[in-house]
Amino acid sequence: MTAPDESVVHGSKAPDKAAPKELPALDKLLRDCAPLVIEHGHTLVAREARALLDALRSRAVAGELLRAELSGLARTLATRVQARMQPAMRAVLNLTGTVIHTNLGRSLLADAALQQVLALTGSPNNLEFDLDTGGRGDRDDLIEDLLCELTGAEAATVVNNNAAAVLLGIAALARGREAIVSRGELVEIGGAFRMPDVMSAAGATLVEVGTTNRTHPRDYEQALTPRTGLIVKVHTSNYQVQGFTSSVDEATLAPIARRAGVPLMTDLGSGALVDMAALGLPAEPMPQQMLAAGCDVVTFSGDKLLGGPQAGLIVGSREAVGRIRKFPMKRALRLSKLPFAALEATLRLYLRPERLVQDLPTLRLLTRSQAQIAALAQRLLPDMAAALAPRFTVETVVLQSQIGSGSLPVERLPSAGLAINPVDGKGRTLEALAIALRGLPRPVIGRLNEQRLLLDLRCLEEPALLTAQLPALKDALA
Ligand SMILES: *Cc1c(COP(=O)(O)O)cnc(C)c1O
């Protein structure tokens, strides 16, 4: 390192600049912050104090430190310590218009599920303890009857997520054997979850049948060999093949599988336990229909349309689910007590279908009417416009929300919201606004679209969470 230029540091230093020697010693700063040390302990406060003094010293050496900054050091240190204790995982406002947003934590838990998590996770519980016999229990026993009642299955089990359910199902039923899948269903769900890779990770040999757009019953029949362990159907949840297409549905495939003595497994992805069409939403296949059609195993997610925590639900025949449950990998993929508590409470809400749309935030948000959302947009418009003037104009707009998480990919829900336009028409100004919104105490996540920032209000149930932050937004943009 070269020595600092004398003329800069000392010679022409302005009188309001602090010299390095004016900084307090570490001990002195800690003594000045005694209550902070009592609250958080010496280790954290001293580490932050040292880092703060180091940073100030560098700026003082460079002649950049204002003497005025030295008067508020105790406060600066307190702010730093508090910031270190803030979890990095935070609540945000999802104004993207995508209801089940994978990057924003997917489904919101119902109050009943939240209460159950709170009540059970800070207390010992009977997760694997049989209260009747006083002996060891199985967590599946707490939930299996309910899942069977809701889906018509003979048996059920739950794992960490649906990806785990698929992996475990294939491994337990087809490890060391062949698994037949249509070429039109070799999907990538996102990240590294691609059906061919899942097959090999599960130790099964993938046998592809049919073509990308068309697969026929005879394709499956011709692929059956004595080495076949499983036929897999994958719901093409995040894309759609249109035009000259055909696929073989579960009802057609089930007798083919049964004749060959091979189980049939369907990965539904989202899977809805209630009829979405009856709620005015795009239809989505239901696990109970798949079981009635003759599937041996059906897997689906806990935090997509079901509206619960991250989980993978496996329902099916006693024989197939029994093999899955006994497979050694099951232990590594089992559902932890936190989501378990939330999942059970969520499933119990399905016993009261008339109340479901009120009780489950995911269904509540998906069924919000455009008129209701538009009225909210109208109400928020004046405050938003005032906070964003003069650099932006705001208008109410008609929007199209998405269900999200690969559910019903091409369907859109009529929605409404606010469009924010930069008066100077520049993308950079808009980007600065998006950054300011993300920088709020409760970050606001919208979406950029054609030189506008769109805030879809479908998922904004508490408008005060947005309006209370408008003064801070105005400051951030000033
Ligand atoms: C979402 C999805 C998965 C993965 O489910 P997770 O619960 O996210 O692990 C698997 N298959 C399909 C078809 C899906 O849509």
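What you are looking at is a predicted structure, and each value in this text was computed from that prediction instead of being measured.

Rules and cut-offs
- Residues numbered from 1 in each chain as written.
- Predicted model: local features only at pLDDT ≥ 70, side-chain atom pairs only at ≥ 80, totals over all residues.
- Heavy atoms only, no water.
- Near = heavy atom within 4 Å.
- Polar contact = N/O pair within 3.5 Å; in protein donor to acceptor, adjacent residues only side chain to side chain.
- Areas by Shrake-Rupley, 256 points an atom, 1.4 Å probe, with all protein chains shown as cover.
- Helix = DSSP H or I, 4+ residues; strand = E, 2+ residues; numbered from the N terminus.
- pLDDT = per-residue confidence, 0-100.
- Contact = heavy atoms within 4.5 Å.
- Buried < 20%, exposed > 50% of the residue type's maximum accessible area, 1.4 Å probe, protein only.
- Pairing = 2+ DSSP bridges.
- Right-handed = clockwise from strand over helix to strand, strands pointing away.
- Core = buried A, V, L, I, M, F, W, Y, C linked by side-chain atoms within 4.5 Å.
- Domains from an automatic or database assignment.
- UniProt positions renumbered as here; feature names shortened; annotations may be inferred.
- Axes fitted to C-alpha atoms, helices over the stretch in contact; angles between N-to-C directions.
- Left-handed = near helix turned anticlockwise from the far one by under 90°.
- Nonpolar A, V, L, I, M, F, W, Y, C, P; charged D, E, K, R; others polar.
- Parallel < 35°, antiparallel > 145°, perpendicular 65-115°, else oblique.

### Quick notes on the site of the ligand
Close contacts around the ligand come from Arg 106, Asn 161, Asn 162, Ala 163, Ile 189, Phe 193, His 235, Ser 237, Asp 267, Gly 269, Ser 301 and Lys 304, and that covers them all. Between the ligand and the protein, one listed contact pairs an oxygen atom with a side-chain N or O atom of Ser 301 at 2.5 Å. Lys 304 has a polar side-chain atom sitting 2.8 Å from an oxygen atom of the ligand. Look at the ligand: alone it shows 380 Å² of surface, and the protein chains cover 94% of it. For the shell around the ligand, the elements supplying multiple residues, two or more each, are helix H8 (162–174) and strand E8 (264–269).

### Description of the confidence of the model for the protein
Predicted confidence across the protein gives a mean pLDDT of 94, with 96% of residues reaching 70 or more. Contacts of residues 1–9 to residues separated by more than four positions or lying in other chains number 7 contacts, the stretch itself having pLDDT below 50.

### A short note on the pairing of strand E7 (residues 228–234)
Burial analysis of E7 places 7 of its 7 residues in the buried class, the great majority of the element. Pairing geometry for strand E3 (residues 178–182) and E7, over 3 bridges, is parallel. In the strand pairing of E7, Ile 180 is matched with Ile 231. With 4 bridges connecting them, E7 and E8 associate as parallel partners. Note on E8: the bridge partner recorded for Val 234 is Asp 267. Between the parallel elements E7 and E8, the chain passes through helix H11 (residues 250–260) in a crossover that is right-handed.

### Quick notes on the nonpolar core
As a rule of thumb, soluble globular proteins bury nonpolar side chains together. Grouped together as the largest cluster of nonpolar side chains are 55 residues, with contacts concentrated most on Leu 313, Leu 343 and Leu 347. Of the domains in this structure, domain 2 (93–101 + 367–477) and domain 3 (111–358) are the two that each give at least three residues to this core. When near neighbours in sequence (up to four residues on either side) are disregarded, Leu 347 contacts Ile 143, Leu 146, Leu 147, Leu 150, Leu 273, Leu 306 and Leu 313. Grouped together as the second largest cluster of nonpolar side chains are 30 residues, Ala 377, Val 394, Leu 430 and Ala 434 included.

### Describing the UniProt feature "modified residue: N6-(pyridoxal phosphate)lysine" (unreviewed entry) in the protein
Taking the numbering used here, the UniProt-annotated feature "modified residue: N6-(pyridoxal phosphate)lysine" (unreviewed entry) corresponds to Lys 304. On the secondary structure map, Lys 304 appears in the loop between strand E9 (297–301) and strand E10 (312–316).

### Some remarks on the sheet that holds strand E15 (residues 452–456)
On the basis of which strands lie adjacent, the open sheet formed by 4 strands has the order E11-E12-E15-E14 and antiparallel pairing. Of all strands in the sheet, those with a lone pairing partner are strand E11 (392–401) and strand E14 (447–449), marking the two edges. Within the sheet, the average angular offset between the axes of one strand and its neighbour, ignoring direction, is 35 degrees. With 10 bridges joining them, E11 and strand E12 (residues 413–422) adopt antiparallel strand pairing. When the bridges of E12 are listed, Phe 392 appears paired with Pro 422. The strands that helix H18 (residues 370–388) touches are E11, E12 and E15; relative to E12, the one it contacts most, it runs at about 10 degrees. In the packing of helix H19 (residues 427–438) onto the sheet, the strands contacted are E11, E12, E14 and E15, and the crossing angle to E15 comes to about 35 degrees.

### Things to note about the packing of helix H7 (residues 144–151) against helix H15 (residues 337–349)
Contact geometry for H7 and H15: axes closest at 10 Å, N-to-C directions at 35 degrees. Considering the relative orientation of H7 and H15, their crossing is left-handed. Each of Leu 146, Leu 147 and Leu 150 in H7 lies in contact with H15, whose residues at this interface are Glu 344, Leu 347 and Arg 348. Here the residues of the contact of H7 with H15 are counted per class, giving 4 nonpolar, no polar and 2 charged.

### What about the packing of H19 against helix H21 (residues 470–477)?
Running from N to C, H19 and H21 cross one another at 135 degrees; their axes reach a closest spacing of 10 Å. Taken together, the axes of H19 and H21 are oblique relative to one another. In this structure, H19 crosses over H21, and the sense of that crossing is right-handed. Along the contact surface, H19 presents Leu 433, Ala 436 and Leu 437, while H21 presents Leu 473, Ala 476 and Leu 477. Considered class by class, the residues forming the contact of H19 with H21 number 6 nonpolar, no polar and no charged.

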